[in-house]
Amino acid sequence: MIARALYFDGRIAGGQPATVTVLAQNLVISCDNGKVVHWPLSHLRYVDPPSDGLPPRLRNLFDQPDRLTFDDASDLSPLVSLCPNLTRADSAWLQNWPRLLMWGVGAIVSIFILFQIVLPSLSQVIAVNLPPSTETRLKEVAKTQIIRILSFDSGNPAGSPKICNGAGMQILERLTRALSADSIVGIHKYYPPRIEVVDLDIDNAFALPDNTILLFSGLLSSLRNPNELAGILAHEIAHLQMRHPTELYLREIGTFAIVGLLFGDVTGGSVLAGASNLLIGSSYSRNAEEMADGSAVSMMNKAGFDARPLADYLSRLTSEERTYEKRFPLLISHPAAADRAAHIRDWATGTGSALSEPDWRLVRQICS
Amino acid sequence: MTETIVASSGPVGGPDPSSSERPVPDVQFTGLRMPLFKLALKNLLFTLATFGIYRFWAKTRIRQYFWRNIQFHGQALEYAGKPSELLIGFLIALAVLVPIFAVYKGIGFVMQGSSNVTLMLLNIAYIATLLAFFQFAFYRMWRYRLSRTVWQGIHFGLDGSPWKYAALRLGGLVLTFLTLGIAYPWYRVAIWRFRARHTRYGDQHFAFAGSGADLLMPWLGAATLPIVVLIIWLGSIVSGMIDSAAMATDEVSGLLSFQAESRLGGLFYLIAILTVIASPVLNIWYRVREAEYLINATTFKNASFYAPLRFRPIIGSVLRWLASLFLLSVLPMILVGSVSISTIMLSHDMTAGMSMIFWIIGLSVIVVTMVPVLSMTILNYDFTRHVCAVLQIQNIEVFDDVARSTRPGPSYGEGFADALDVGAF
């Protein structure tokens, strides 16, 4: 094979016109100025994958600076069979793996610390110092999201469900006032929460930022006893007093932002991040749940209500399996439910009923 | 006659017009839209399938494609970057930058919504640091790319401190703001000068001799109307606020502040709306003039550059890009919508409505992820092709005498820029 090419020595930019031939196991580059260069055939690599219309370019191994650009019409097919490594892509992994390993470990440690220590403590601090207007916005976002997802689960994807306003609302307000009094938490004045009842067949309740409790009509119809309701409300009130919901949603926002950074937003990564975030779901720590239980039982005791029905409700839940709890296990953390029920039975000292029979009936009919 | 002028001013060193040999063009772009589209689409699918990890390979492949299809004096560029370098840069950014960034964001979150003056100043400082860091990351990204760009066996490079560059950009922005935009051309020239003078090929630096004064007229032409409209509008808001504050105790304050808001009149709002529509076009026109000027004022030893960029191909490309986005987002929606509605009408089956929602959500996701692919195959492709088509280099042979630089390039790639999501590819 004889071909014409330009040889670039990698030291000075200008190319040397050269004649290229194959001799023994070498590619011999004879420059017109007399310089001769030998490249072993097994060292030959394409600079870039051969593509039509572009003159082929060769290099000598992957770390040598010199280059060879053939003239436009050069036919390299005789070379292809002689050079086994022509199309081999010499990767940089061999040189780079120690640094990849080091920084990979560094990144994992850093992310772990971020999720386990920085994010929780940061959201705790922020939750206490958040301006009320921001917290209201946070609540609106969380509420819309929860209602939208749960509407989907309950087979009512299209409409926004009704917010109930039956005569039972005053009774619910009276009940929350009986359970908790005004207090100060951080920069926030705590007051008995607002309750919103949504007409959806979902057996759950949520504490939201901005001192709000979201109850679903499905929960009201599944309860067997007014003290179960009072216990659930007391549990959510306890979360609110400890500012758990705000903390949780701040942590969610933080997670969202970090996952977005990890996936890189150039490629629609935020979409992925959003989807994964939904799957990851969100829950309070078991510790937070136990604190809320303890506080709820003492609220019930102080009001003179029997707290044991809350334990009954928790035990009943462990025997059922529902899909949405995997996404929003805010009220129950499954493995711990039996333990928690036992603790609640131990601590309960009240004996009274939270609501009279007619009041309980009004509450249950709040959406009709 | 024109022929001879072109030939004699040709940088190749005067190929004999009578000779049958084809003259080597200064600059040639050999890329094709279809292969680029296929590559970008493949990159998108792989990136989605690997939860974003493939993007280091994707970026490398795209750059390889552009680089090897840009020829100067018959010799194509070579992209020598490796995906693993980008990956290391990314891991470093994760280990060092993400925690700092997270705390920083947290602080920003606490500060939002407060109207206190001290907090406002803190907010300004917060935004300024963020901007400075973006510019720092941007400069490092350029340094990595240039250090991995090889032509005729010699590497390009970028010296200079990224922090100085960030300071220059921040200072320029402040100055532009204080002079109501008049200093903008000087600011743009200053950044380009910094970048050009620190860019080298082998051991030789580029040079730049330009002044913002030369760009003042194009800039005023493009920006006067938008800036004046903006100032009048802001002024009316401020005066309205002052009026209503002064009348706060007055019972008719609400009425008065309403009058203050509406005192600008309908004609102003008509002009304002037209300005809002025209500003992007005016901006693109200015950018083209600016790019042309900056390229022409750049030199390399004896070599000089001349790029008579034209506005029409550029705005045409932008319009094609917008039209493609529009078609991509609207046509499938119409299709899905009409099919579903007709199903509901015919069969009274409401579940069709539900599946329509699913389809629309799915299609929106596809549209969002397709935007970079379209930008690459329309905007990036057209811009590169146009610049290469018009760019001429006088005395291109002086590049041949350049020797390799002994300065090492950065050993890993642009992690900060990647984490901050700057740069198109």
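Just so it is clear, the structure is predicted and the values come from calculations on it, not from any experiment. (Residues numbered from 1 in each chain as written. Chains lettered and ligands numbered in written order. Predicted model: local features only at pLDDT ≥ 70, side-chain atom pairs only at ≥ 80, totals over all residues. Heavy atoms only, no water.)

Notes on the sheet that holds strand β1 (residues 27-29) of chain B
All names here are of chain B. Where we set the bar: By this definition, two strands are paired if DSSP reports at least two bridges between them. Segments assigned H or I by DSSP are reported as helices when at least four residues long, segments assigned E as strands when at least two residues long, and all are numbered from the N terminus. The contact criterion used throughout is that any non-hydrogen atoms of two residues lie within 4.5 Å. Fitted lines through C-alpha atoms serve as axes, helices being fitted only where they are in contact, and the angles separating the N-to-C directions of these axes extend from 0 to 180 degrees.
As summarised here, the arrangement of the three strands in space is β1-β2-β3, forming an open sheet in which the pairing is antiparallel. A strand with exactly one partner marks an edge of an open sheet, and here the two such strands are β1 and β3 (75-76). Pairing of β1 with strand β2 (residues 70-72), which is carried by three bridges, proceeds in the antiparallel orientation. Each bridged residue has a counterpart across the sheet, and for Gln-28 the counterpart in β2 is Gln-71. Of the strands in this sheet, β1, β2 and β3 touch helix α3 (residues 55-68), which is tilted by about 40 degrees from β2.

Describing the state of the cysteines
Residues and elements named next belong to chain A. Stated formally: Count a disulfide wherever a pair of cysteine sulfur atoms falls within 2.5 Å. Categorising residues by exposure relies on relative accessible area from a 1.4 Å probe, with only protein chains included: less than 20% of the type maximum marks a residue as buried, more than 50% marks it as exposed, and the intermediate range marks it as partly exposed.
Per the counting criterion, the structure on display carries one disulfide over all chains. Looking at Cys-31, it has no disulfide partner, and the nearest cysteine sulfur is the one in Cys-83, 18 Å off. On the basis of relative accessibility, which here comes to 6%, the residue Cys-31 falls in the buried class. Residue Cys-83 is classed as buried on the basis of its relative accessible area, which comes to 3%.

Concerning the packing of helix α7 (residues 184-198) of chain B against helix α10 (residues 265-296) of chain B
All names here are of chain B. Cut-off, in case you're wondering: Here the word oblique covers every angle except those under 35 degrees (roughly parallel), over 145 (roughly antiparallel) and from 65 to 115 (roughly perpendicular). In a left-handed crossing the near helix is turned counterclockwise from the far helix by less than a right angle, and in a right-handed crossing that turn is clockwise. For this classification, Asp, Glu, Lys and Arg are treated as charged, while Ala, Val, Leu, Ile, Met, Phe, Trp, Tyr, Cys and Pro are nonpolar and the rest, including Gly, are polar.
Viewed as axis vectors pointing N to C, α7 and α10 meet at an angle of 45 degrees, and their least axial separation amounts to 11 Å. With respect to α10, the element α7 is oriented oblique. Crossing of α7 against α10: the hand is right-handed. Seen from α7, the contacting residues are Tyr-184, Pro-185, Arg-188, Val-189 and Trp-192; seen from α10, they are Tyr-286, Arg-287, Glu-290, Tyr-293 and Leu-294. In the contact of α7 with α10, the residues fall into seven nonpolar, no polar and three charged.

Re the sheet that holds strand β10 (residues 298-300) of chain B
By definition, the strands of a sheet pair up through backbone hydrogen bonds, in either a parallel or an antiparallel sense. Residues and elements named next belong to chain B. Taken in spatial order, the four strands make up an open sheet running β9-β10-β11-β12, and their pairing is antiparallel. At either margin of the open sheet sits one strand with a lone partner, and together these are β9 (207-208) and β12 (392-394). Bridge analysis of β9 against β10 gives two bridges, and the strand direction is antiparallel. Bridging from a neighbouring strand, Phe-208 pairs with Thr-298 of β10.

What to know about helix α2 (residues 33-49) of chain B
All names here are of chain B. Heads up, the condition is: Here a helix's expected span is defined as the number of its residues, less one, multiplied by 1.5 Å. Summarising the geometry, the arc corresponds to the directions from the helix axis toward the C-beta atoms.
Helix length check: α2 (17 residues) gives 24 Å between terminal C-alpha atoms against 24 Å at 1.5 Å per residue, within 8%. What α2 keeps buried is the set Leu-36, Leu-39, Ala-40, Asn-43, Leu-44 and Thr-47. All buried residues of α2 lie within an arc of 135 degrees about the axis, which places them on one face of the element. Relative to its buried face, α2 has exposed residues pointing more than 90 degrees away, namely Lys-38, Leu-45 and Ala-49. Positive phi appears at Phe-51, one or two residues downstream of α2, with a value of about 55 degrees.

Digging into the side chain of B:Arg68
The test is simple: In this count, Lys and Arg are taken as positive residues and Asp and Glu as negative ones, while His and the chain termini are left out. Here, a salt bridge means any side-chain nitrogen of Lys or Arg that lies within 4 Å of a carboxyl oxygen of Asp or Glu.
With respect to the element layout, B:Arg68 can be found in helix α3. Buried charge without a salt bridge: B:Arg68, with A:Asp48 as the nearest opposite-charge side chain at an N-O distance of 5.1 Å. Excluding residues that lie within four positions of it along the chain, B:Arg68 makes contacts with A:Asp48, A:Pro49, A:Ser51, A:Leu54, A:Arg57, B:Thr30, B:Ala76 and B:Leu77.

Observations concerning the pattern of salt bridges
All names here are of chain A. By the definition in use, this model includes 22 salt bridges over all chains. The shortest N-O distance in the salt bridge between Arg-243 and Glu-135 comes to 2.8 Å. A residue pair is termed long-range when its members are at least 10 positions apart, and Arg-243 in the loop between α6 (226-241) and α7 (244-263) and Glu-135 in helix α3 (residues 132-153) qualify at 108 residues. Salt-bridge contacts for Glu-140 lead to Lys-139; the nearest nitrogen and oxygen are separated by 3.6 Å. Residue Glu-140 is classed as partly exposed on the basis of its relative accessible area of 37%. Here the salt bridges do not stand alone but share partners, grouping Lys-139, Glu-140, Lys-143 and Glu-196 into one network.

Describing the pairing of strand β11 (residues 205-208) of chain A
Residues and elements named next belong to chain A. The alternating pattern of β11 places Ala-205 and Ala-207 and Phe-206 and Leu-208 on opposite faces, both of which are buried. With four bridges connecting them, β11 and strand β12 (residues 212-216) associate as antiparallel partners. Bridge assignment links Ala-207 to a residue of β12, and that residue is Ile-213. What sits between β11 and β12 in their antiparallel hairpin is a turn of three residues, with Asp-210 showing a positive phi close to 65 degrees.

Concerning the packing of aromatic side chains
Residues and elements named next belong to chain B. For clarity, the cut-off: The criterion for an aromatic pair is that two Phe, Tyr or Trp rings (for Trp, the six-membered ring) have centres within 6.5 Å, with stacked assigned to planes under 30 degrees apart, edge-to-face to planes over 60 apart and tilted to the rest. To sit over a ring, a charge needs its Lys NZ or Arg CZ within 6 Å of the ring centre and within 35 degrees of the ring normal.
Enumeration according to the criterion identifies 29 aromatic pairs over all chains in this entry. Between the aromatic rings of Tyr-54 and Trp-57, the centroid separation amounts to 6.4 Å while the plane-to-plane angle is 15 degrees, which identifies the pairing as stacked. The rings of Phe-72, Trp-151, Phe-156, Tyr-201, Phe-206, Phe-300, Phe-305 and Phe-399 are connected pair by pair, giving a single aromatic cluster. Directly above the aromatic system of Phe-46 lies the positively charged group of Lys-42, at a separation of 5.6 Å from the ring centroid. In this arrangement the basic side chain of Arg-145 is found over the ring face of Trp-142, its NZ or CZ atom lying 5.9 Å from the centre.

What to know about the side chain of A:Asp9
All names here are of chain A. Note the threshold: In protein, a polar contact means a hydrogen-donor-capable atom and an acceptor-capable atom, both N or O and within 3.5 Å, with residues adjacent in sequence counting only if both atoms are side-chain atoms; elsewhere, any N or O pair within 3.5 Å suffices.
Tracing the backbone through its elements, the reader meets Asp-9 in the loop between β1 (2-8) and β2 (16-23). Buried and without a salt bridge, Asp-9 has Lys-35 as its closest oppositely charged side chain, separated by 4.2 Å. At a separation of 2.8 Å, a polar atom in the side chain of Asp-9 contacts the main-chain amide nitrogen of Arg-11. Once you skip the residues sitting within four places of it in the chain, Asp-9 turns out to touch Lys-35, Pro-65 and Asp-66.

Some points on the pairing of strand β10 (residues 194-198) of chain A
All names here are of chain A. Of all five residues making up β10, four are buried, and the element is well covered by its neighbours. Two strands pair when backbone bridges link them, and β10 and β12 are joined in this way by five bridges, in the parallel orientation. From the neighbouring strand, Val-197 faces β12, where its bridge partner is Leu-215.

Some thoughts on unusual backbone geometry
All names here are of chain A. Of note in this structure, Ala-24 is not a glycine but carries a positive phi near 50 degrees. Relative to the helices and strands, Ala-24 is located in the loop between β2 and β3 (26-31). Relative accessible area serves as the criterion here: at 65%, Ala-24 is assigned to the exposed category. Backbone geometry at Arg-243 places phi at a positive 60 degrees, although glycine is not the residue there.

Some details on the confidence of the model for chain B
Residues and elements named next belong to chain B. Convention followed: Confidence of the prediction at every residue is given by pLDDT, a number between 0 and 100.
Summary statistics for chain B give a mean pLDDT of 81 and a share of 79% for residues scoring 70 or more. pLDDT under 50 marks residues 1-20. Its contacts with residues more than four places away, or in other chains, come to 12 contacts. In the predicted structure, residues 419-425 sits below a pLDDT of 50 and forms 23 contacts with residues beyond four places in sequence or in another chain. Predicted complex metrics record ipTM = 0.75 and pTM = 0.72.

Regarding the packing of helix α4 (residues 168-179) of chain A against α6(A)
Residues and elements named next belong to chain A. Between α4 and α6, the least distance of the axes is 10 Å, while the angle of their chain directions is 60 degrees. Relative to α6, α4 is oriented oblique. When you trace α4 past α6, the crossing you get is right-handed. Note on element contacts: α6 touches α4 through Leu-229, Ala-230, Leu-233, Ala-234 and Ile-237, opposite Leu-172, Leu-175, Thr-176 and Leu-179. Looking at the contact of α4 with α6 residue by residue, the class counts come to eight nonpolar, one polar and no charged.

Things to note about α6(A)
All names here are of chain A. Helix length check: α6 (16 residues) gives 22 Å between terminal C-alpha atoms against 22 Å at 1.5 Å per residue, within 8%. With 15 of 16 residues buried, α6 lies mostly within the body of the structure. Two or three places before Asn-227, at the start of α6, stands the capping residue Asn-225, its side-chain oxygen 2.7 Å from that residue's backbone nitrogen. Downstream of α6 by a residue or two, Arg-243 has a phi angle that is positive, lying close to 60 degrees.

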